[in-house]
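# Architecture at a glance
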Amino acid sequence: MASQTQLGFIDIDIQHSERDGKSNTNTVPARDNVAGEEEGIHSEGDVVISESDDEWYQNIEDDENEGDSESNLDYADEEERNDGSESDQLDESYDQIVNVNSNEEIYIDRVMRGKIFERAADGRVQLENGLLFLDVNEFREALQDYTIQEGFEIQRIKNENARVTARCAINGCTWRIHASPTPDGVSYKIKTYNPDHNCIRTIRNSNANSTWIAKRLQSKLVADPEMSYCSMKAELLEKYGLEPANNMQLYRARRRVKEENQGNHAKSYDKLPAWAKLARVTNLGSVVKMEVDARISANPLFKRFFVCFDAMKKGFVRGCRPWFGIDGCHLKGTYGGVLLSAVAIDGNKGMFPIAFAVVEVECMDSWKFFLRLLYESLASVREWKDHPLTIMSDMQKGLGSAVSEFFPYAKHRYCCHHLLNNFKLKFKSLIKTTKYWTAAKAYDNFVFEKNMMQLRTIDNEAADWLLSPKRPIEMWARHTIDSGCKSDHITNNVTESFNHWVGDDRKKPIMAMVESLTCRIMVRDGFTTFVVNLRTKSCSCNYWSLCGLPCTHACACISYKRYNVERFCDHYYSNEMYCKTYQEMIHPMPELDERDRDGYPTVDPPELKRLPGRPRTARRRAANEGRGGQQDARRSCTVRCGICKEFGHNRRGCQRGKTAKEKKKEALAFAVDQAQSGANTEGITQASIGTSTQGDDNVEREHLGDANANEISTQASNSTSRKGVVHMPTTTQPSQTPQREPHAKRKKI
């Protein structure tokens with residue numbers, strides 16, 4: 001029984017033969033659609049026809065060693081049909097036709113027979129005819145790598161899921177490849193391939209886009225996220241013999257790897273609520289809170305985020321000295337922000353972070369938010385005591401009132417280094433700076449008063465500035481430190497060290513930064529005589545009482561008595577207290593899943609604020625600080641702005657530059673001055689006329705306003721110049737500006 005189906009220009013005959021009571025469906029070649037028909041896979045009855053390309057390219061052989069073959073391959077042509085022939089040529093436009101509706105088993109081993117694609121050990125790609133790929137994406141990726149590897153461009157004639165046909169982009173080159181799906185509809189196979197080239201190799205390739213570069217340099221960029229463009233170019237040239245088109249490709253590749261490894265800056269804010277819940281569940285007793293700006297018609301905006309793990313607060317209260325420093329540093333991400341931190345010192349003089357927070361800016365409200373939650377966290381520990389706590393900070397305006405509000409019994413001290421920066425702005429002298437440091441570091445009042453008197457003899461104003469009521473000595477002099485804190489620190493270097501320690505994390509998205517921070521938180525005395533009392537653990541130099549460690553004089557006495565020095569150290573330095581500091585554990589948290597974020601509102605990033613100039617990545621240094629490193633020795637000039645006349649930046653990065661409105665107003669004022677000066681010069685012979693005219697114009701100016709001031713002044717100058725000209729006698733006064741002498745009569749001076 002024969003049925004006939006028409007497709008395109010060819011009549012397709014389908015033979016159904018009866019054998020052993022089973023109906024077999026024969027496969028036949030099918031030509032492409034007529035012009036205008038949609039390309040792809042067409043179904044006609046029980047026959048599925050897959051179209052491929054336009055040329056005959058392959059011979060398909062019959063199964064020879066099948067005893068009772070379960071399928072017969074019949075090939076149809078326009079003029080004749082040959083049964084049992086060994087091979088017929090097929091075009092690239094033809095793929096095998098199978099009966100998908102039949103329940104019989106169809107053998108496609110012959111069509112699927114071929115070598116599976118595998119890369120070489122060095123990552124190189126080798127293509128050959130009959131090579132099998134998992135899917136079209138793997139074939140396209142291999143083709144892209146091969147063209148870059150061999151150094152030539154391609155022109156894709158067909159680039160579809162049903163077929164991919166490409167040739168060399170150079171006219172006259174014979175390289176060509178064609179691949180299409182196998183009968184399973186997923187795997188891909190190279191059907192036609194001509195590997196011969198008659199063109200020259202190129203080192204620049206449009207196929208090497210930023211996505212390709214990111215995949216090839218991913219391991220390097222993960223290890224070094226700030227890998228320079230020169231290093232990236234050298235790596236590409238050495239491994240792949242490739243030169244990128246421009247630096248923008250390298251920038252996009254580096255940014256792509258960062259986003260894949262660290263996450264997107266904007267989307268990371270939405271993960272914070274779920275992370276906060278996960279942190280509180282895995283670390284019971286931890287304080288993790290987020291503050292947002294609610295909006296009626298949109299998602300809430302991120303504002304602040306506070307983290308204090310239970311192990312951190314208990315470790316500080318139970319094992320550390322009652323002293324910690326607070327400071328803030330700017331974040332270097334897309335949306336900016338400030339990282340506030342509170343850092344203590346353990347018994348081994350190592351920094352011990354207590355809490356940190358991400359806020360919008362470093363202001364009074366943000367500091368109150370941080371200090372309030374910090375106090376609530378510490379007060380929840382049973383062993384917590386307000387006295388004798390000491391808090392170190394810089395001299396930011398208003399910070400003292402915030403500290404006294406939430407820590408009323410704590411001693412607030414200023415960092416001597418920040419005080420010195422302010423001191424140097426008014427008193428720039430090496431000997432004054434030396435006397436200041438000697439006085440600030442003195443352990444007793446005698447040495448302090450002695451150096452202050454010497455400073456007063458040098459500059460009385462400098463001594464009065466240091467002893468001003470705005471800067472009481474109880475907040476910066478070492479000899480005034482409360483002995484209960486057992487710390488003689490007069491600078492806030494521990495927080496500065498923490499800011500430098502987390503410097504690389506400050507560039508990451510906020511979610512990656514918080515996770516990274518969580519992982520990270522796991523003088524000669526001369527011949528002076530001093531009195532040492534081993535029973536009271538004190539020395540007249542006052543060092544022992546302040547820091548809790550025996551001074552050099554006490555160590556000399558202890559060694560003389562053949563005692564153990566460790567017995568005279570304060571208990572904060574003992575192994576017991578050190579173990580208490582790290583007794584609690586920050587429990588690891590599983591990776592945040594999208595399902596854990598259900599039930600939380602979507603949080604948008606804060607409003608993006610961009611300042612003039614290129615975004616800063618380095619810390620803003622004080623006016624008296626150098627650039628650091630060996631550059632200070634070579635640098636002999638200072639950049640000075642031409643707008644605000646201040647040092648440290650140029651005109652392009654000035655944030656005090658005049659706006660367009662201010663420049664326009666200044667130009668109008670300048671034009672008015674020029675007009676008035678011209679009127680006064682030309683109308684000097686008739687001052688009365690000019691005065692009356694200007695008086696009338698001034699009256700008009702008051703009525704018309706400042707907007708027309710320029711126009712009225714110009715009219716005044718013109719009218720004055722017209723009315724003020726009087727015909728004088730022939731003897732006129734010589735002009736005040738001397739005439740230039742002829743070139744030949746100039747005198748040499």
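Here the structure is a predicted model, which means the values were calculated and not measured.

### What to know about the packing of helix H5 (residues 229-240) against helix H6 (residues 247-262)
Look at H5 against H6: their axes get within 10 Å of each other, and the N-to-C directions meet at 95°. Regarding the angle of H5 to H6, the classification is roughly perpendicular. For the pair H5 and H6, contact is made by Tyr 229, Met 232, Lys 233 and Leu 236 and by Asn 247, Leu 250, Tyr 251 and Arg 254, respectively. The residue makeup of the contact of H5 with H6, split by class, is 5 nonpolar, 1 polar and 2 charged.

### Structural notes on the confidence of the model for the protein chain
Residues of the protein chain with pLDDT of at least 70 account for 71%, and the chain-wide mean is 75. This model gives residues 631-636 a pLDDT under 50, and the stretch forms 3 contacts once residues within four places in sequence are excluded.

### With respect to the UniProt feature "domain: SWIM-type" (unreviewed entry) in the protein chain
In this structure's numbering, the residues bearing the UniProt feature "domain: SWIM-type" (unreviewed entry) are residues 530-562. With 42% helix and 12% strand, the stretch residues 530-562 has end C-alpha atoms that lie 19 Å from each other.

### Describing helix H17 (residues 510-521)
Note that an α-helix has 3.6 residues per turn; residues three or four places apart therefore point the same way. Look at H17: 16 Å from first C-alpha to last across 12 residues, which is about the 16 Å you get at 1.5 Å a residue. A large share of H17 lies buried, amounting to 9 of its 12 residues. The set of residues buried in H17 consists of Ile 510, Met 511, Ala 512, Met 513, Val 514, Ser 516, Leu 517, Thr 518 and Ile 521.

### Brief notes about the environment of Trp 501
With respect to the helices and strands, the residue Trp 501 is situated in helix H16 (residues 493-501). Not counting chain neighbours up to four residues away, the residues in contact with Trp 501 comprise Met 351, Pro 353 and Arg 520.

### Comments concerning the packing of aromatic side chains
Per the stated rule, a full pass over the model turns up 29 aromatic pairs. Relative to Tyr 582, the ring of Tyr 578 has its centre 5.2 Å away and its plane inclined at 55°; by these criteria the two rings are tilted. Residue classification places Tyr 582 among the partly exposed positions, given a relative accessible area of 38%. Over the ring of Trp 437 we find Lys 441; its NZ or CZ atom is 5.1 Å from the centre of that ring.

### Quick look at H5
With 12 residues, H5 extends 16 Å between its outermost C-alpha atoms, agreeing within 8% with the 16 Å of an ideal straight helix rising 1.5 Å per residue. Of the positions making up H5, those classed as buried are Met 232, Glu 235 and Leu 236. Looking straight down H5, one finds its buried side chains confined to an arc of 95°; they lie on one side. More than 90 degrees from the buried face of H5, the exposed residues found are Cys 230 and Glu 238. Elements in contact with the buried residues of H5: helix H3 (210-216), helix H4 (218-223) and H6. Positive phi shows up at Gly 241, right after H5, with a value of about 60°.

### Quick look at the packing of helix H10 (residues 364-379) against helix H11 (residues 399-406)
Two elements in contact, H10 and H11, have axes separated by 10 Å at closest approach and are oriented at 25°. When the axis of H10 is compared with that of H11, the two are roughly parallel. As for how H10 packs across H11, the hand of that crossing is right-handed. Contacts between H10 and H11 involve Met 364, Trp 367, Lys 368, Leu 371, Arg 372 and Tyr 375 from the former and Leu 399, Ser 401, Ala 402, Val 403, Glu 405 and Phe 406 from the latter. Tallied by class, residues from the contact of H10 with H11 come to 8 nonpolar, 1 polar and 3 charged.

### Topic: a positive patch on the surface
A cluster of basic side chains, namely Lys 215, Arg 252, Arg 255 and Arg 256, defines a positive patch on the protein surface. When residues in the positive patch are grouped by element, the largest group, 3 residues, is from H6. Assessed through its relative accessible area of 34%, Arg 256 is described here as partly exposed.

### Remarks on the sheet that holds strand S17 (residues 323-330)
Reading across from one edge, S15-S16-S19-S18-S17-S20-S21 is the order of the 7 strands in this open sheet, with mixed pairing throughout. Unpaired on one side and paired on the other, strand S15 (287-293) and strand S21 (411-414) mark the two borders of the sheet. If you compare each strand with its neighbour and ignore which way they point, the axes differ by 20° on average. Of the pairings in the sheet, the one linking S17 to strand S18 (residues 338-345) comprises 7 bridges and is antiparallel in character.

### Overview of unusual backbone geometry
Unlike most non-glycine residues, Lys 349 shows phi in positive territory, near 60°. When its relative accessible area of 54% is taken as the criterion, Lys 349 is described as exposed. Phi at Asn 542 is positive, roughly 75°, even though this residue is not glycine. As for its position among the elements, Asn 542 is in the loop between strand S23 (538-539) and helix H18 (543-547).

### Considerations on the pairing of strand S14 (residues 188-194)
Two faces belong to every sheet, and in a regular strand the side chains alternate between them. Among the 7 residues in S14, 6 count as buried, and that is most of the element. Where strand S13 (residues 176-181) folds back on S14, the antiparallel hairpin that results is connected by 6 residues, among which Gly 185 adopts a positive phi of roughly 80°.

### Section: the side chain of Thr 433
Topologically, Thr 433 is positioned in helix H13 (residues 430-440). Sequence-distant contacts of Thr 433, defined by excluding residues within four places in its chain, comprise Leu 420, Phe 423 and Lys 424.

### Considerations on the pairing of strand S16 (residues 301-308)
Where burial is concerned, most of S16 is hidden: 7 out of the 8 residues are buried. The pairing of S15 with S16 spans 7 bridges and is antiparallel. The residue bridging Lys 289 from the neighbouring strand is Phe 306, located in S16. Sheet analysis places S16 next to strand S19 (residues 351-359), joined by 3 bridges and oriented antiparallel. Residue Phe 306 lies in a different strand from S19, and its bridge partner there is Ala 357.

### Examining the side chain of Asn 451
Position of Asn 451 among the secondary structure elements: in helix H14 (residues 445-458). Setting aside its immediate chain neighbours within four residues, Asn 451 contacts Lys 435, Thr 438 and Ala 439.

### A few points about the nonpolar core
In globular proteins that are soluble, nonpolar side chains generally tend to be buried together. If you look at the biggest cluster of nonpolar residues, it comprises 68 residues, and the most contacted ones within it are Trp 275, Phe 302, Phe 305, Leu 339, Leu 466, Trp 476 and Ile 510. Looking at which element gives the most residues to this core, the answer is H17, with 6 residues. Non-local contacts of Ile 510, meaning those with residues more than four positions away in its chain, are made with Ser 268, Tyr 269, Leu 272, Phe 302 and Val 358. If you look at the next biggest cluster of nonpolar residues, it comprises 34 residues, including Ala 342, Ala 355, Trp 367 and Phe 406.

### Some thoughts on the sheet that holds S13
Strand order in this open sheet of 5 strands is S10-S14-S13-S12-S11, and the pairing throughout is antiparallel. Of all the strands in the sheet, just strand S10 (132-133) and strand S11 (154-159) have a single pairing partner and so form its edges. Where strand S12 (residues 164-168) and S13 come together, 4 bridges link them in antiparallel fashion. Across the sheet, Thr 165 pairs through a bridge with His 178, a residue of S13. Contacts from helix H2 (residues 136-150) reach S10, S11, S12, S13 and S14, with the element oriented near 35° to S14.

### Regarding the pattern of salt bridges
Taken as a whole and judged by the stated rule, the model has 25 salt bridges. Here Asp 145 ties to Arg 216 by a salt bridge, and the two come within 2.6 Å at their closest N and O atoms. Residue Asp 145 is located in helix H2, and its partner Arg 216 is located in helix H3; the two are separated by 71 residues in the primary sequence. Among the charged side chains, a salt-bridge network with shared partners connects Glu 291, Asp 293, Lys 303, Arg 304 and Glu 360.

Parameters and conventions
Each chain carries its own residue numbering, running from 1 in the written order of its sequence. Owing to the predicted nature of the model, reporting of local features is limited to residues with pLDDT of at least 70; listing and counting of side-chain atom pairs is limited to 80 or more, with chain, interface and lining totals taken over all residues. Hydrogens and water molecules were not included; the side-chain quantities draw on all heavy atoms of the structure. The axes are straight lines fitted to the C-alpha atoms, using for helices just the contacting stretch, and the angles between their N-to-C directions are given from 0 to 180°. Where helices and strands are cited, they refer to DSSP runs of H or I of at least four residues and of E of at least two residues respectively, numbered from the N terminus. The cut-offs work like this: below 35 degrees is roughly parallel, past 145 is roughly antiparallel, 65 to 115 is roughly perpendicular, and the gaps in between are oblique. Between two residues, a contact is recorded if the distance between any of their heavy atoms is within 4.5 Å. Asp, Glu, Lys and Arg are counted as charged, while Ala, Val, Leu, Ile, Met, Phe, Trp, Tyr, Cys and Pro are counted as nonpolar; the rest, among them Gly, fall into the polar class. As a per-residue measure, pLDDT reflects the predictor's confidence and takes values from 0 up to 100. UniProt positions are given in the numbering used here, feature names are shortened, and annotations may be inferred rather than shown by experiment. What a helix should span is 1.5 Å times the count of its residues minus one. Each residue is assigned to one of three classes by its accessible area relative to the maximum for its type, calculated with a 1.4 Å probe on protein chains only: buried under 20%, partly exposed between the two thresholds, exposed over 50%. Side-chain rings of Phe, Tyr and Trp, where Trp is taken by its six-membered ring, are said to pair if the distance between their centres is within 6.5 Å; with planes under 30 degrees apart they count as stacked, over 60 as edge-to-face, and otherwise as tilted. Put simply, a charge is over a ring when the Lys NZ or the Arg CZ is close to the ring centre, within 6 Å, and near the line of the ring normal, within 35 degrees. The arc in question is traced by the directions running from the helix axis to the C-beta atoms. Here a crossing is taken to be left-handed if its near helix is turned anticlockwise relative to the far helix by less than a right angle, and right-handed if that turn runs clockwise. Here the term patch refers to residues with relative accessible area over 30% and no salt bridge, with like charges joined within 9 Å and nonpolar side chains (Val, Leu, Ile, Met, Phe, Trp, Tyr) within 5 Å. Accessible surface is estimated by sampling points in the Shrake-Rupley manner with a 1.4 Å probe; for residues, cover comes only from the protein chains shown. Salt bridges, as used here, are contacts in which a Lys or Arg side-chain nitrogen is within 4 Å of a carboxyl oxygen on Asp or Glu. Counted charges follow a simple rule, with Lys and Arg positive, Asp and Glu negative, and His plus the chain ends left uncounted. Charge placement uses NZ in Lys and CZ in Arg. For Asp and Glu, CG and CD serve respectively. In this scheme, strands are said to pair when DSSP sees at least two bridges between them. Nonpolar core, defined: a set of buried Ala, Val, Leu, Ile, Met, Phe, Trp, Tyr and Cys residues in which side-chain atoms within 4.5 Å join the residues together.

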